[in-house]
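Letter by letter, the chains look like this.
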Amino acid sequence: MLFCLAAALVVAVLYSQSAQPRYAAKPLSYWLRKLSQGIQPSNQAVTAIRAIGTNGIPIYLRMLHARGTPLTTWVRYPDGAFLVDHRMVAGGAVAPGYGLAELLGFEVLQPLGRQDANVVRYDALRAFAILGEAGAPATTALSNLLYASDGYRWPAQDPIFRSIHSPEFLNWLRQRDAACCLGHIGHAARAVLLQGLENSDPGIRAAAAQGLGLGRTNDSAVVEPLVRHLDDTNTSVRITVVWSLGLVATQLGQGTNATSVSAISPMVAPLMRCLSATELYLRSYAAVALGNCHSAEALPLVANLVSNGNVGSGTLEAMTRQALENITAHPVSYGVQPLKVPANP
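(A) A look at the overall build of the chain. For the chain, the helix and strand inventory stands at 18 helices and two strands. The buried share among the 345 residues of the chain stands at 53%. Taking the intrachain contacts of the chain between residues at least 6 apart in sequence as the baseline, contacts between residues at least 24 apart amount to 77%. Element-wise, carbon and sulfur atoms account for 59% of the exposed surface of the chain, whose accessible area totals about 15100 Å².

(B) The arrangement of the environment of Lys 34 in detail. If you trace the backbone, Lys 34 turns up in helix α2 (residues 28–35). The class of Lys 34 is partly exposed, set by a relative accessible area of 26%. In this structure, the C-alpha to C-alpha distance between Lys 34 and Ala 45, residues 11 residues apart in sequence, is 6.0 Å.

(C) Here's a closer look at helix α16 (residues 280–293). If you check α16, its first and last C-alpha atoms are 20 Å apart, about what 14 residues at 1.5 Å a residue would give, namely 20 Å. α16 sits mainly inside the fold: 12 of its 14 residues count as buried. Positive phi shows up at His 294, right after α16, with a value of about 60°.

(D) Fine view of the nonpolar core. Counting 93 residues, the largest nonpolar core has Tyr 60, Phe 128, Leu 142, Leu 226 and Met 267 as its most contacted members. Look past the residues within four positions of Phe 128 in its chain and what remains in contact with it is Ile 57, Tyr 60, Leu 61, Leu 64, Gly 135, Ala 138, Leu 142, Cys 181 and His 184.

(E) Expanded view of helix α12 (residues 202–214). Compared with an ideal rise of 1.5 Å per residue, which puts 13 residues at 18 Å, α12 spans 19 Å between its outermost C-alpha atoms and is within 8% of the ideal. α12 sits mainly inside the fold: 13 of its 13 residues count as buried. A distance of 2.8 Å separates the backbone nitrogen of Gly 203 from a side-chain oxygen at the start of α12, and that oxygen is part of Asp 201.

(F) Focus on the pattern of salt bridges. As enumerated under the stated definition, the model contains eight salt bridges in all. Between Arg 176 and Asp 177 there is a salt bridge whose closest N-O contact spans 3.1 Å. According to the relative accessible area criterion, Arg 176 is buried, its value standing at 1%. A salt bridge links Arg 228 to Glu 198; its shortest N-O distance comes to 3.2 Å. Of this pair, Arg 228 sits in helix α13 (residues 223–228) while Glu 198 sits in the loop between α11 (187–197) and α12, and the two are 30 residues apart along the sequence.

(G) Inspection of the packing of aromatic side chains at higher detail. For the structure on display, the rule yields four aromatic pairs. Between Tyr 23 and Trp 31, the aromatic rings sit 5.7 Å apart at their centres with planes inclined by 65°, giving edge-to-face as the arrangement. With a relative accessible area of 26%, Tyr 23 lands in the partly exposed category. Summarising the aromatic geometry, the rings of Tyr 60 and Phe 128 are spaced 5.8 Å apart at their centres and angled 70° between planes, so their arrangement reads as edge-to-face. One end of the pair, Tyr 60, is in helix α4 (residues 57–64); the other, Phe 128, is in helix α8 (residues 117–131), with 68 residues separating them in the sequence.

(H) Spatial organisation of the environment of Leu 280. With respect to the secondary-structure elements, Leu 280 resides in helix α16. The sequence separation of Leu 280 and Leu 316 amounts to 36 residues, and the corresponding C-alpha distance is 9.0 Å. If we ignore the near neighbours within four places in the chain, the residues touching Leu 280 are Asn 310, Val 311, Gly 312 and Leu 316.

(I) Local environment of the packing of helix α14 (residues 235–251) against helix α15 (residues 258–274). At their nearest, the axes of α14 and α15 sit 11 Å apart, and the two run at 145° to each other. For the pair α14 and α15, the crossing hand works out as left-handed. Packed against α14, whose contacting residues are Val 242, Leu 245, Val 248 and Ala 249, the element α15 presents Ile 264, Met 267, Leu 271 and Cys 274 at the interface. Of the residues in the contact of α14 with α15, the class split is eight nonpolar, no polar and no charged.

(J) Highlighting the confidence of the model for the chain. For the chain, the mean per-residue pLDDT works out to 79, and 72% of the residues sit at or above 70. Considering each helix and strand of the chain separately, the mean pLDDT is smallest for helix α7 (residues 100–109), with a value of 38, and largest for α13, with 96. Scored below 50 in pLDDT, residues 3–17 makes two contacts in the model with residues more than four places away or belonging to other chains. This model gives residues 74–114 a pLDDT under 50, and the stretch forms 92 contacts once residues within four places in sequence are excluded.

(K) Quick look at the environment of Gly 186. With respect to the helices, strands and loops of the structure, Gly 186 is situated in the loop between α10 (167–185) and α11. For Gly 186, a relative accessible area of 8% puts it in the buried group. The spacing of Gly 186 and Gly 135 is 51 residues in sequence and 9.2 Å in space, taken between C-alpha atoms.

Cut-off values and rules
The numbers attached to residues start from 1 for each chain and follow its sequence in the written order. Totals for whole chains, interfaces and linings use all residues, but because this is a predicted model, local features are given only for residues with pLDDT of at least 70 and pairs of side-chain atoms are given and counted only at 80 or more. As a rule here, side-chain values come from all non-hydrogen atoms in the structure, and water together with hydrogens is ignored. Helix and strand assignments come from DSSP, with helices taken as H or I runs of at least 4 residues and strands as E runs of at least 2, each series counted from the N terminus. Classification of residues uses two cut-offs on accessible area relative to the type maximum, computed with a 1.4 Å probe and protein chains only: under 20% is buried, over 50% is exposed, and between them is partly exposed. Residue contacts are defined here by distance: any two heavy atoms, one from each residue, within 4.5 Å place the two residues in contact. Where accessible areas are quoted, they stem from the Shrake-Rupley method and a 1.4 Å probe; at the residue level, only the protein chains shown are allowed to cover. Each residue after the first adds 1.5 Å to the expected span of a helix. What is meant by a nonpolar core is a set of buried Ala, Val, Leu, Ile, Met, Phe, Trp, Tyr and Cys residues, joined one to another through side-chain atoms within 4.5 Å. Whenever a nitrogen or oxygen atom comes within 3.5 Å of another N or O atom, the pair is scored as a polar contact, on the condition that within protein one atom can donate a hydrogen and the other can accept it, and that pairs from neighbouring residues in sequence are kept only if both atoms are in side chains. Basic side-chain nitrogens of Lys or Arg form a salt bridge, by our definition, when they fall within 4 Å of a carboxyl oxygen of Asp or Glu. Each pair of aromatic rings taken from Phe, Tyr and Trp, with Trp reduced to its six-membered ring, is defined by centres within 6.5 Å and is described as stacked if the planes are under 30 degrees apart, edge-to-face if over 60, and tilted in the remaining cases. Axis definition: a line fitted to C-alpha atoms, limited for helices to the stretch in contact. Angles are taken between N-to-C directions and run from 0 to 180 degrees. Crossings are sorted by hand: turned counterclockwise from the far helix by less than a right angle, the near helix makes the crossing left-handed, and turned clockwise it makes it right-handed. Three classes are used, and their members are as follows: Ala, Val, Leu, Ile, Met, Phe, Trp, Tyr, Cys and Pro are nonpolar, Asp, Glu, Lys and Arg are charged, and the others, Gly among them, are polar. How sure the predictor is of each residue is captured by pLDDT, a score from 0 to 100.

Here is the structure:
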């Protein structure tokens, strides 16, 4: 009986691999494993993903449906911050460094034969980042996944990032990863994300905002909709919008020429107002965004944040100090009215 079960398992594995698209005689699953090994994916794995092209999309879409559980997510990501932050990489193809807690979680899960669903989806997300515009045939399916709420709707005032490890948050992570994939596709998926930004569900708005930040379209058309949502009623949406505007400023050239200044200018004054927000992450990400703009008008405000210690600690503090250095090294005037340096929030 045991022999029959083992034989059946071997046949199933071999059949699964034979049904996959291949590159250099290796199945896609082999290249996805190579893609996820180490801090940087191997050049050969990137070449393989590009060569396999749209033939891999059905598999990536199945991977994006992977659903995490509160228990396995807690084991691997005890504080949850890693899940929120590690997707926030413009290129989408750089794996983050793992802390001790994540490594311990990996050691617990892997011997049990359990690969965390968030990692499975992240591998698919990186594949779409490599495909870029070639991933456009997946736009409709990704749009459906973005709107797949599984019956849960975020309350209007419920901060999404405060619900770490809940089943609802884990479902939102799937929505967010779908939005990130849409962002990597670029122009072909922009309309879907702009529509999502106006959705009544703040979870979908936050996911769409992050996707727009990752969209490597160099498109100023996303600036006005994002700026409008700096006044969103949901804290998590506002934080994500500020983060995304920082990436958009980089994509639009950081004020290095007249076209870039014109495209970025509408976001500068609204971002400066965010520097006096009570939410730490909103202040810090606004400072980073203004650093990416190299806004001369924001220089005294960002300097005030740093000198008064209103930027948190660790990574947030380092990011804000880097923003101050960026502006100081190459200040760009956007012709907006400077704001008075605020008192400590």
